[in-house]
Amino acid sequence: MNKIKTEFLGAKVSSPLVLPAGVMGMSFSGLNYCVENGIGVVTSKSLTLVERSGHNGPVIAEFEGGFINAMGLCNPGIVEGLAEINEFKQHSDTPVIVSVFATNTEDFIELTNYVNKSQGDFIELNLSCPNVFDEFGIPLAASKDKVAEIVRAVKEISTIPVIAKLSPNVYNISEIALVAEAAGADALCMINTVGPGMLIDKKMVKPILSNRTGGLSGPCIKPIALRLIHEVYSKVNIPIIGTGGVTNGDDAIEMIMAGSTLIGVGTAVYYRGIEVFDKINQEMIKFMDEENYASINDLPKLEKLK
Ligand SMILES: Cc1cc2nc3c(=O)[nH]c(=O)nc-3n(C[C@H](O)[C@H](O)[C@H](O)COP(=O)(O)O)c2cc1C
């Protein structure tokens, strides 16, 4: 397994695979289960200042190309969430990314103050909210000013590295990535779910999700993720956690070639079970053996776009 050991922002990781936010819930035992099955880094559910019960069900559904979800950011709130993370860290040296979500800069600052007092290794800002707008009516995820303001404010007080998680649902993701980098982000995580989309229950003649619409994840979004990661990789100088539709070792290798340092594996858990992380680790090693790469760090990247 030495072949897949790597480093991320100064932390040693046993595998480049990352559990992305929200996919395995939040509990200490859930995160631990991922570690037992070969994950390198775990991310918490996005935590808010106050607990949220999320949307009414159905909140997730499968279709041919992947999954659609509108969980509604259900989470136990920052205090309880960090207690689970602290418990996890008592038993594991696996790095933890604490994902936080807010709709304004003040709340992001308050969340950061909580995270500073926790055992979390990195803080990830979920900047993907489509329902919050800046003064010009632009959604937070697409507002360069808001993204800059939030990242700068968090970076000023955070005692741990700051990761900005970007939405693919914007006109020009590179602009947002560059603004996040300039504001001090230490790394990027991309992409969050694509959409929103909608599925229809033909017999009931109504949308399948109670929220009507939701974000797409899984295999159907991989080509979008690869394209966006490569575009952003061509522009920024900070590492990228490439996420979106990775289901097997080949997908993971493609993510690295597009420009990722680490690789998120989320929806694939629903297809291949919790063993998916070990399986992808082995599949990456098989590819490297066949192609004579001694280490994951030796894998080439696509030429940057001009
Ligand atoms: C059920 C579910 C819940 C999610 N919850 C969050 C969340 O709380 N915060 C966040 O930033 N992303 C969340 N995501 C997005 C994932 O972290 C990831 O960016 C996305 O699913 C694409 O990766 P994948 O195709 O490997 O699943 C969620 C995704 C799913 C499927």
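All figures in this text were calculated on a predicted structure; none of them were measured in a lab. (Residues numbered from 1 in each chain as written. Predicted model: local features only at pLDDT ≥ 70, side-chain atom pairs only at ≥ 80, totals over all residues. Heavy atoms only, no water.)

A few points about the site of the ligand
Condition: Here a residue is near a molecule or strand as soon as one of its heavy atoms is found within 4 Å of it. What qualifies as a polar contact is a pair of N or O atoms within 3.5 Å, subject to a donor-acceptor requirement within protein and to the restriction that residues adjacent in sequence count only when both atoms come from side chains. Using a 1.4 Å probe, the Shrake-Rupley method yields the accessible areas, and only the shown protein chains count as cover for residues. Charged means Asp, Glu, Lys or Arg here, nonpolar means Ala, Val, Leu, Ile, Met, Phe, Trp, Tyr, Cys or Pro, and polar covers whatever is left, Gly included.
Lining the immediate surroundings of the ligand are 23 residues, of which A21, S46, K165, G245 and T267 lie closest. Backbone polar atom of I191 to an oxygen atom of the ligand: 2.9 Å apart, as the coordinates give it. Residue G266 places a main-chain N or O atom 3.0 Å away from an oxygen atom belonging to the ligand. Burial of the ligand by the protein amounts to 97% of the accessible area it has alone, namely 610 Å². A per-class count over the shell around the ligand returns eight nonpolar, 13 polar and two charged.

Topic: the side chain of S217
What counts, and what does not: Strands here are runs of E lasting at least two residues and helices are runs of H or I lasting at least four, both read from the DSSP assignment and numbered beginning at the N terminus. Relative accessible area decides the class of each residue, using a 1.4 Å probe on protein chains only: under 20% of the type maximum gives buried, over 50% gives exposed, and in between gives partly exposed. The contact criterion used throughout is that any non-hydrogen atoms of two residues lie within 4.5 Å.
Within the fold, S217 resides in strand β14 (residues 214–217). Residue classification places S217 among the buried residues on the basis of a relative accessible area of 12%. For S217, the side chain forms a polar contact with the side chain of T267, separated by 2.6 Å. The contact partners of S217, leaving out residues within four places of it in the chain, are G65, G66, F67, T193 and T267.

Brief notes about the side chain of K89
By the secondary structure assignment, K89 is in helix α2 (residues 78–91). A relative accessible area of 17% places K89 in the buried class. Once residues lying within four places of it in the same chain are set aside, the contact partners of K89 are T94, P95, V96, Q119 and D121.

Considering the nonpolar core
For clarity, the cut-off: Residues belong to one nonpolar core when they are buried, are Ala, Val, Leu, Ile, Met, Phe, Trp, Tyr or Cys, and are joined through side-chain atoms within 4.5 Å.
Counting residues in hydrophobic clusters, the biggest one holds 78 residues, and the most contacted among them are L125 and F277. Excluding anything up to four places from it in sequence, F277 contacts L17, L19, C34, N37, G38, I39, V265 and V269. In this structure, F8, A11, I97 and A187 belong to the second largest nonpolar core, which totals twelve residues.

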